[in-house]
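Next come the chains, spelled out residue by residue.
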Amino acid sequence: MVSPLHSNGRAQLREEKAVTSIGDLALKPDLRPELLLKLSGKLQTTLELSQLLEIFYEEIQHAVLVDGLTFTHSANNLLISEGKNSPHSVSYRLQTQQDYMGDLTFHRSTRFREHELANLEGLLTTLVYPMRNALRYYEALAAAFRDPLTGAGNRVALDKTLSREVELAKRHGQQLSVLMIDLDYFKQVNDEFGHSMGDKVLKDAASCMTACIRQTDMCFRYGGEEFLVMLSSADQAGALRIAERIRMSIGDLRFENAKGKLQVTTSIGCATLRGIDTTESLVHRADNALYEAKNGGRNRVISDADTAFAELEK
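Only a predicted model underlies this, so the values are computations on that prediction, with no experimental measurement involved.

Calculation rules
- All residue numbers here refer to positions counted from 1 along the written sequence of the relevant chain.
- Note on the predicted model: pLDDT of at least 70 is required for a residue's local features to be given, and 80 or more for side-chain atom pairs to be given and counted; whole-chain, interface and lining totals, by contrast, use all residues.
- Based on all heavy atoms of the structure, the side-chain values leave hydrogens and waters out of the count.
- Numbering of helices and strands runs from the N terminus; a helix is a DSSP stretch of H or I covering at least four residues, while a strand is a stretch of E covering at least two.
- Accessible area is worked out with a 1.4 Å probe on protein chains only. A residue is then buried under 20% of its type maximum, exposed over 50%, and partly exposed in between.
- Whether two residues are in contact is decided by their heavy atoms: any pair within 4.5 Å suffices.
- Between N or O atoms, a polar contact is any pair within 3.5 Å; within protein, one atom must be a potential hydrogen donor and the other a potential acceptor, and residues adjacent in sequence are included only when both atoms are from side chains.
- Per residue, pLDDT captures the predictor's confidence, and it can take any value from 0 to 100.
- Paired strands, in this sense, are two strands between which DSSP finds at least two bridges.
- Only the stretch in contact is used when fitting a helix axis, every axis being a line fitted to C-alpha atoms; angles between N-to-C directions are given from 0 to 180 degrees.
- Patch criteria: residues need more than 30% relative accessible area and no salt bridge. Like-charged residues are merged within 9 Å; nonpolar side chains of Val, Leu, Ile, Met, Phe, Trp and Tyr are merged within 5 Å.
- Areas reported as accessible are Shrake-Rupley estimates using a 1.4 Å probe. Residue values count occlusion only from the protein chains shown.
- One speaks of a salt bridge when a side-chain nitrogen belonging to Lys or Arg is within 4 Å of a carboxyl oxygen belonging to Asp or Glu.
- Disulfides are defined as cysteine sulfur pairs within 2.5 Å.
- Side-chain rings of Phe, Tyr and Trp, where Trp is taken by its six-membered ring, are said to pair if the distance between their centres is within 6.5 Å; with planes under 30 degrees apart they count as stacked, over 60 as edge-to-face, and otherwise as tilted.
- Residue count minus one, scaled by 1.5 Å, sets the expected span of a helix.
- The directions from the helix axis to the C-beta atoms form the arc being described.

Novice: Can you walk me through the overall build of the chain in this structure?
Specialist: Looking only at helices and strands, the chain features ten helices and 13 strands. Among the 314 residues that make up the chain, the fraction classed as buried is 47%. Put simply, 64% of the contacts in the chain that link residues at least 6 apart link residues at least 24 apart.

Novice: It is not clear to me how the side chain of T266 should be interpreted in this structure. Could you clarify?
Specialist: For T266, the location among the structural elements is in strand β12 (residues 266–272). Only 2.9 Å separates the side chain of T266 from the backbone oxygen of D182, close enough to count as a polar contact. Excluding residues that lie within four positions of it along the chain, T266 makes contacts with I181, D182, L183, D184, R247, I250, N299 and R300.

Novice: Can you walk me through the confidence of the model for the chain in this structure?
Specialist: With 89% of its residues at a pLDDT of 70 or more, the chain shows a mean pLDDT of 88. Throughout residues 309–314 the model reports pLDDT below 50, and contacts reaching past four residues in sequence, or to other chains, amount to zero contacts.

Novice: I keep staring at the sheet that holds strand β8 (residues 218–223) and nothing clicks. Help me out?
Specialist: Strand pairing in a sheet takes place through backbone hydrogen bonds and is either antiparallel or parallel in direction. Spatially, β8-β9-β7-β12-β13 is the arrangement adopted by the five strands of the open sheet, whose pairing is mixed. Edge positions in the open sheet fall to β8 and β13 (301–303), since each of these has one partner strand only. Averaged over all neighbouring strand pairs, the angle between strand axes comes to 20°, with direction disregarded. Pairing between β8 and strand β9 (residues 226–232): five bridges, direction antiparallel. Across the sheet, residue M218 finds its bridge partner in β9, namely M230. Strand contacts of helix α9 (residues 279–295): β7 (176–183), β8, β9, β12 and β13, with the helix running at about 145° to β12, the strand carrying the most contacts.

Novice: In this structure, what is going on with a nonpolar patch on the surface? I would like to understand it.
Specialist: There is a patch of nonpolar side chains on the surface, built from L47, Y137, L141, F145 and V156 and spanning about 380 Å² of accessible area. Mapped onto the secondary structure, L47 falls in the loop between α1 (33–43) and α2 (49–60). For L47, a relative accessible area of 41% puts it in the partly exposed group.

Novice: Help me understand the pattern of salt bridges in this model?
Specialist: Pairing between side chains of opposite charge can happen when their charged atoms approach one another. Across all of its chains, the model carries 18 salt bridges by this definition. The closest approach of N and O atoms between R108 and E116, which form a salt bridge, is 2.6 Å. Residue E116 is classed as buried on the basis of its relative accessible area, which comes to 15%. For D217, the salt bridge is made with R214, and the minimal N-O distance between the two is 2.7 Å. Each of R274, D277, R285 and D304 takes part in one network of salt bridges that share partners.

Novice: Which parts of the structure should I look at to understand the state of the cysteines?
Specialist: Such a bond, covalent and formed between the sulfur atoms of two cysteines, is termed a disulfide. Counting across every chain of the model gives zero disulfides. There is no disulfide at C212, and the cysteine sulfur nearest it, in C208, is 6.2 Å away.

Novice: Help me understand the packing of aromatic side chains, please; the structure alone is not making it clear to me.
Specialist: Given two aromatic rings, one states the distance between the centres and the angle between the planes to describe the pair. Tallied over the entire structure, the rule returns two aromatic pairs. With a centroid separation of 6.4 Å and an interplanar angle of 45°, the aromatic rings of F56 and F106 are classed as tilted. Remark: F106 occurs in strand β6 (residues 100–108) and F56 occurs in helix α2; sequence separation between them is 50 residues. Residue F56 is classed as buried on the basis of its relative accessible area of 0%. Ring geometry for Y92 against F106: centres 6.4 Å apart, planes inclined by 70°, an arrangement best described as edge-to-face. Linking Y92 in strand β5 (residues 88–95) with F106 in strand β6, this pair joins segments that are 14 residues apart in sequence. Taken as a pair, Y92 and F106 share a single burial class, namely buried.

Novice: What's the story with the pairing of β5 in this structure? I'm lost.
Specialist: Looking along a regular strand, one sees side chains alternate from face to face of the sheet. Along β5, six of the eight residues are buried, which leaves the element largely enclosed by surrounding structure. Linkage of β5 to β6, two consecutive antiparallel strands, is achieved through a turn of four residues.

Novice: Before we go on, may I ask you to explain unusual backbone geometry in this structure?
Specialist: Most of the time, phi is negative for any residue but glycine, and the peptide bond is trans. With a phi close to 55°, S233 is a non-glycine residue in the positive phi region. One non-glycine residue with positive phi stands out, namely N299, at about 55°. Following the sequence through the fold, N299 ends up in the loop between α9 and β13. By relative accessible area, which is 33% here, N299 ends up partly exposed.

Novice: Would you explain α9 in this entry?
Specialist: For the α-helix, the turn length of 3.6 residues means that residues three or four positions removed from each other point alike. With 17 residues, α9 should cover 24 Å at 1.5 Å per step; its first-to-last C-alpha distance of 24 Å lies within 8% of that length. Taken residue by residue, α9 has T279, L282, V283, R285, A286, A289, L290 and A293 as its buried positions. One side of α9 holds all its buried residues, which, seen down the axis, span an arc of 155°. α9 presents E280, Y291 and N295 as exposed residues on the side facing more than 90 degrees away from its buried surface. Backbone geometry just downstream of α9 places G297 in the positive-phi region, at approximately 125°.

Here it is as C-alpha coordinates:
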(Lines give C-alpha, C1' and ligand atoms only; values in the text may rest on other atoms or scores of the structure.)
Protein backbone atom coordinates (compact mmCIF):
# COMPACT_ATOMS: atom_id res chain seq x y z
CA MET A 1 0.00 0.00 0.00
CA VAL A 2 1.18 3.52 -0.77
CA SER A 3 -0.03 5.79 1.98
CA PRO A 4 0.21 9.58 1.43
CA LEU A 5 1.51 11.65 4.31
CA HIS A 6 -1.28 14.26 4.04
CA SER A 7 -4.89 13.87 2.97
CA ASN A 8 -7.51 16.52 2.14
CA GLY A 9 -9.38 14.57 -0.53
CA ARG A 10 -7.79 16.52 -3.40
CA ALA A 11 -4.33 17.38 -4.67
CA GLN A 12 -3.48 20.75 -3.22
CA LEU A 13 -0.43 22.98 -2.85
CA ARG A 14 0.15 24.01 0.74
CA GLU A 15 2.05 27.05 1.98
CA GLU A 16 5.13 24.94 2.66
CA LYS A 17 4.96 23.89 -0.99
CA ALA A 18 4.28 20.24 -0.35
CA VAL A 19 1.60 18.62 -2.44
CA THR A 20 -0.88 16.70 -0.32
CA SER A 21 -2.47 13.39 -1.16
CA ILE A 22 -5.06 12.18 -3.62
CA GLY A 23 -8.54 11.34 -2.39
CA ASP A 24 -11.18 8.91 -3.61
CA LEU A 25 -12.21 11.18 -6.49
CA ALA A 26 -8.70 11.44 -7.89
CA LEU A 27 -7.75 10.34 -11.34
CA LYS A 28 -6.65 6.76 -11.87
CA PRO A 29 -3.08 6.05 -13.02
CA ASP A 30 -2.58 6.16 -16.80
CA LEU A 31 0.51 4.01 -17.22
CA ARG A 32 1.52 1.67 -20.01
CA PRO A 33 1.60 -1.95 -18.79
CA GLU A 34 4.98 -2.52 -20.46
CA LEU A 35 6.45 0.43 -18.50
CA LEU A 36 5.27 -1.05 -15.20
CA LEU A 37 6.55 -4.48 -16.19
CA LYS A 38 9.97 -3.09 -17.12
CA LEU A 39 10.17 -1.05 -13.92
CA SER A 40 9.15 -3.99 -11.75
CA GLY A 41 11.76 -6.21 -13.40
CA LYS A 42 14.57 -3.70 -12.91
CA LEU A 43 13.66 -3.16 -9.26
CA GLN A 44 14.10 -6.88 -8.66
CA THR A 45 17.76 -6.78 -9.70
CA THR A 46 19.22 -5.29 -6.50
CA LEU A 47 18.93 -5.36 -2.71
CA GLU A 48 21.05 -2.23 -2.25
CA LEU A 49 18.82 0.64 -1.11
CA SER A 50 20.70 3.43 -2.87
CA GLN A 51 20.87 1.49 -6.13
CA LEU A 52 17.19 0.58 -5.88
CA LEU A 53 16.19 4.22 -5.51
CA GLU A 54 18.53 5.27 -8.33
CA ILE A 55 16.85 2.78 -10.68
CA PHE A 56 13.39 3.91 -9.60
CA TYR A 57 14.25 7.59 -10.07
CA GLU A 58 15.64 7.06 -13.57
CA GLU A 59 12.84 4.80 -14.78
CA ILE A 60 9.88 6.88 -13.60
CA GLN A 61 11.07 9.78 -15.77
CA HIS A 62 9.38 7.98 -18.70
CA ALA A 63 6.02 8.58 -17.03
CA VAL A 64 6.37 11.61 -14.72
CA LEU A 65 9.18 14.14 -14.88
CA VAL A 66 10.66 14.85 -11.44
CA ASP A 67 13.74 16.85 -10.46
CA GLY A 68 14.65 14.66 -7.54
CA LEU A 69 13.52 12.37 -4.77
CA THR A 70 14.39 11.97 -1.09
CA PHE A 71 13.94 8.79 0.95
CA THR A 72 13.96 8.86 4.75
CA HIS A 73 13.62 6.12 7.34
CA SER A 74 14.04 7.60 10.81
CA ALA A 75 14.25 4.27 12.68
CA ASN A 76 17.26 3.25 10.57
CA ASN A 77 18.66 6.80 10.39
CA LEU A 78 18.52 6.65 6.60
CA LEU A 79 18.54 9.62 4.23
CA ILE A 80 19.04 8.92 0.50
CA SER A 81 18.62 11.50 -2.25
CA GLU A 82 18.58 11.40 -6.03
CA GLY A 83 18.54 14.45 -8.29
CA LYS A 84 17.94 17.83 -6.68
CA ASN A 85 15.45 19.56 -4.39
CA SER A 86 12.96 21.96 -5.95
CA PRO A 87 10.26 24.33 -4.62
CA HIS A 88 7.35 21.87 -5.03
CA SER A 89 7.16 18.43 -3.46
CA VAL A 90 4.83 15.57 -2.69
CA SER A 91 5.43 12.99 0.04
CA TYR A 92 4.26 9.41 0.44
CA ARG A 93 4.56 6.75 3.10
CA LEU A 94 5.50 3.25 1.95
CA GLN A 95 3.74 0.67 4.07
CA THR A 96 2.22 -2.79 4.10
CA GLN A 97 -0.03 -4.12 6.84
CA GLN A 98 3.04 -5.38 8.71
CA ASP A 99 5.90 -3.14 7.62
CA TYR A 100 6.66 0.57 7.55
CA MET A 101 9.25 1.17 4.85
CA GLY A 102 9.97 4.86 5.06
CA ASP A 103 8.82 8.11 3.46
CA LEU A 104 9.51 9.14 -0.12
CA THR A 105 9.36 12.75 -1.31
CA PHE A 106 9.38 13.83 -4.97
CA HIS A 107 10.67 17.30 -5.90
CA ARG A 108 9.91 19.45 -8.93
CA SER A 109 10.24 23.08 -10.01
CA THR A 110 6.59 23.18 -11.16
CA ARG A 111 3.44 21.96 -9.46
CA PHE A 112 2.39 18.36 -9.86
CA ARG A 113 -0.92 17.96 -11.66
CA GLU A 114 -3.56 15.53 -10.49
CA HIS A 115 -2.98 13.01 -13.28
CA GLU A 116 0.77 13.11 -12.53
CA LEU A 117 0.13 12.41 -8.87
CA ALA A 118 -2.07 9.49 -9.84
CA ASN A 119 0.73 8.14 -12.02
CA LEU A 120 3.26 8.57 -9.22
CA GLU A 121 1.07 6.51 -6.91
CA GLY A 122 0.75 3.84 -9.58
CA LEU A 123 4.53 3.75 -10.01
CA LEU A 124 5.05 3.54 -6.27
CA THR A 125 3.12 0.30 -6.06
CA THR A 126 6.01 -1.38 -7.90
CA LEU A 127 8.49 -0.12 -5.30
CA VAL A 128 6.83 -1.30 -2.08
CA TYR A 129 7.96 -4.94 -1.97
CA PRO A 130 11.45 -4.39 -3.45
CA MET A 131 11.87 -1.67 -0.82
CA ARG A 132 10.76 -4.04 1.95
CA ASN A 133 13.29 -6.66 0.80
CA ALA A 134 16.08 -4.06 0.51
CA LEU A 135 15.35 -2.75 4.00
CA ARG A 136 15.46 -6.25 5.48
CA TYR A 137 18.79 -6.83 3.75
CA TYR A 138 20.11 -3.51 5.07
CA GLU A 139 18.96 -4.31 8.62
CA ALA A 140 20.53 -7.79 8.47
CA LEU A 141 23.85 -6.31 7.37
CA ALA A 142 23.65 -3.60 10.03
CA ALA A 143 22.95 -6.19 12.75
CA ALA A 144 26.08 -8.11 11.74
CA PHE A 145 28.18 -5.02 12.53
CA ARG A 146 26.35 -3.92 15.70
CA ASP A 147 26.91 -4.84 19.33
CA PRO A 148 23.61 -6.46 20.37
CA LEU A 149 23.60 -4.98 23.90
CA THR A 150 24.51 -1.34 23.34
CA GLY A 151 23.71 -0.81 19.66
CA ALA A 152 27.22 0.55 19.10
CA GLY A 153 29.35 -0.82 16.28
CA ASN A 154 31.20 -4.04 17.06
CA ARG A 155 34.89 -4.89 16.54
CA VAL A 156 34.28 -6.12 13.00
CA ALA A 157 32.68 -2.80 12.10
CA LEU A 158 35.47 -0.91 13.86
CA ASP A 159 38.23 -2.69 11.95
CA LYS A 160 36.57 -2.04 8.61
CA THR A 161 35.54 1.54 9.28
CA LEU A 162 38.61 2.92 11.03
CA SER A 163 41.04 1.53 8.46
CA ARG A 164 39.04 3.15 5.67
CA GLU A 165 38.73 6.49 7.47
CA VAL A 166 42.43 6.66 8.30
CA GLU A 167 43.27 6.06 4.64
CA LEU A 168 40.78 8.69 3.45
CA ALA A 169 41.97 11.27 5.99
CA LYS A 170 45.57 10.85 4.88
CA ARG A 171 44.68 10.97 1.20
CA HIS A 172 42.67 14.18 1.51
CA GLY A 173 44.74 15.83 4.24
CA GLN A 174 41.87 15.82 6.73
CA GLN A 175 41.86 15.63 10.50
CA LEU A 176 40.80 12.47 12.34
CA SER A 177 40.76 11.75 16.07
CA VAL A 178 39.80 8.78 18.21
CA LEU A 179 38.67 8.54 21.83
CA MET A 180 39.26 5.47 23.97
CA ILE A 181 36.60 5.47 26.68
CA ASP A 182 36.50 3.24 29.74
CA LEU A 183 33.84 3.16 32.47
CA ASP A 184 35.57 3.49 35.82
CA TYR A 185 35.36 0.62 38.34
CA PHE A 186 32.84 -1.20 36.20
CA LYS A 187 33.59 -4.59 37.76
CA GLN A 188 32.28 -3.21 41.06
CA VAL A 189 29.01 -2.30 39.34
CA ASN A 190 28.48 -5.93 38.33
CA ASP A 191 29.67 -7.28 41.68
CA GLU A 192 27.64 -4.94 43.90
CA PHE A 193 24.55 -4.17 41.80
CA GLY A 194 24.25 -7.22 39.53
CA HIS A 195 24.80 -7.84 35.85
CA SER A 196 21.40 -6.49 34.84
CA MET A 197 22.44 -3.13 36.28
CA GLY A 198 25.79 -3.47 34.51
CA ASP A 199 23.97 -3.99 31.21
CA LYS A 200 21.84 -0.90 31.80
CA VAL A 201 24.91 1.19 32.62
CA LEU A 202 26.59 0.07 29.39
CA LYS A 203 23.50 0.81 27.27
CA ASP A 204 22.89 4.23 28.81
CA ALA A 205 26.56 5.18 28.59
CA ALA A 206 26.62 4.21 24.90
CA SER A 207 23.51 6.34 24.35
CA CYS A 208 25.28 9.28 26.01
CA MET A 209 28.27 8.87 23.71
CA THR A 210 26.07 8.75 20.62
CA ALA A 211 24.12 11.83 21.74
CA CYS A 212 27.35 13.80 22.25
CA ILE A 213 28.88 13.15 18.82
CA ARG A 214 27.99 14.32 15.32
CA GLN A 215 26.31 12.28 12.60
CA THR A 216 29.65 11.90 10.83
CA ASP A 217 31.22 10.36 13.95
CA MET A 218 30.86 6.74 15.05
CA CYS A 219 30.82 4.86 18.35
CA PHE A 220 32.08 1.28 18.73
CA ARG A 221 32.15 -1.14 21.63
CA TYR A 222 35.82 -2.05 21.86
CA GLY A 223 35.33 -4.76 24.46
CA GLY A 224 33.78 -5.13 27.93
CA GLU A 225 33.23 -1.64 29.33
CA GLU A 226 35.58 0.00 26.83
CA PHE A 227 34.42 2.01 23.80
CA LEU A 228 36.12 3.73 20.88
CA VAL A 229 34.68 6.86 19.31
CA MET A 230 35.92 7.89 15.86
CA LEU A 231 35.71 11.64 15.21
CA SER A 232 35.87 12.63 11.55
CA SER A 233 37.40 16.01 10.64
CA ALA A 234 38.22 16.67 14.30
CA ASP A 235 41.53 18.13 15.45
CA GLN A 236 42.89 17.69 18.96
CA ALA A 237 41.05 20.69 20.42
CA GLY A 238 37.73 19.60 18.90
CA ALA A 239 38.21 16.02 20.04
CA LEU A 240 38.96 17.13 23.60
CA ARG A 241 35.78 19.22 23.67
CA ILE A 242 33.69 16.25 22.59
CA ALA A 243 35.49 13.97 25.06
CA GLU A 244 34.76 16.35 27.92
CA ARG A 245 31.13 16.54 26.84
CA ILE A 246 30.92 12.74 26.93
CA ARG A 247 32.61 12.56 30.33
CA MET A 248 30.21 15.07 31.87
CA SER A 249 27.15 13.49 30.23
CA ILE A 250 27.97 10.04 31.58
CA GLY A 251 28.74 11.56 34.98
CA ASP A 252 25.22 13.01 35.06
CA LEU A 253 23.62 9.57 34.71
CA ARG A 254 21.85 8.18 37.78
CA PHE A 255 20.94 4.54 38.41
CA GLU A 256 19.03 2.78 41.15
CA ASN A 257 17.82 -0.71 42.02
CA ALA A 258 17.01 -2.66 45.19
CA LYS A 259 20.69 -2.65 46.15
CA GLY A 260 20.97 1.11 46.14
CA LYS A 261 21.80 4.16 44.03
CA LEU A 262 24.67 4.36 41.58
CA GLN A 263 26.61 7.03 39.72
CA VAL A 264 29.35 6.16 37.24
CA THR A 265 32.31 8.07 35.84
CA THR A 266 34.50 7.51 32.81
CA SER A 267 38.13 7.97 31.80
CA ILE A 268 38.96 9.01 28.25
CA GLY A 269 42.14 8.96 26.18
CA CYS A 270 42.37 11.03 22.98
CA ALA A 271 44.70 10.79 19.97
CA THR A 272 44.74 12.72 16.68
CA LEU A 273 46.00 11.25 13.42
CA ARG A 274 49.57 12.00 12.34
CA GLY A 275 51.06 11.51 8.89
CA ILE A 276 53.12 8.50 9.96
CA ASP A 277 50.24 6.81 11.79
CA THR A 278 48.77 3.44 11.01
CA THR A 279 45.38 2.43 12.37
CA GLU A 280 47.16 0.42 15.05
CA SER A 281 49.47 3.24 16.13
CA LEU A 282 46.60 5.74 16.33
CA VAL A 283 44.55 3.42 18.57
CA HIS A 284 47.67 2.58 20.60
CA ARG A 285 48.33 6.24 21.37
CA ALA A 286 44.71 6.78 22.43
CA ASP A 287 44.93 3.66 24.60
CA ASN A 288 48.12 4.95 26.25
CA ALA A 289 46.37 8.26 26.97
CA LEU A 290 43.47 6.34 28.50
CA TYR A 291 45.91 4.47 30.72
CA GLU A 292 47.31 7.80 31.91
CA ALA A 293 43.79 9.08 32.62
CA LYS A 294 43.03 6.03 34.74
CA ASN A 295 46.44 6.08 36.39
CA GLY A 296 46.01 9.77 37.21
CA GLY A 297 42.85 9.27 39.23
CA ARG A 298 40.12 8.44 36.67
CA ASN A 299 37.12 10.57 35.70
CA ARG A 300 39.24 12.72 33.40
CA VAL A 301 40.25 13.30 29.77
CA ILE A 302 43.89 12.99 28.68
CA SER A 303 45.27 13.49 25.15
CA ASP A 304 48.31 11.73 23.78
CA ALA A 305 49.90 15.18 23.43
CA ASP A 306 49.66 15.56 27.21
CA THR A 307 51.41 12.23 27.76
CA ALA A 308 54.13 13.13 25.24
CA PHE A 309 54.73 16.46 26.98
CA ALA A 310 54.95 14.70 30.34
CA GLU A 311 57.58 12.36 28.95
CA LEU A 312 59.65 15.30 27.73
CA GLU A 313 59.57 16.87 31.18
CA LYS A 314 61.03 13.77 32.82
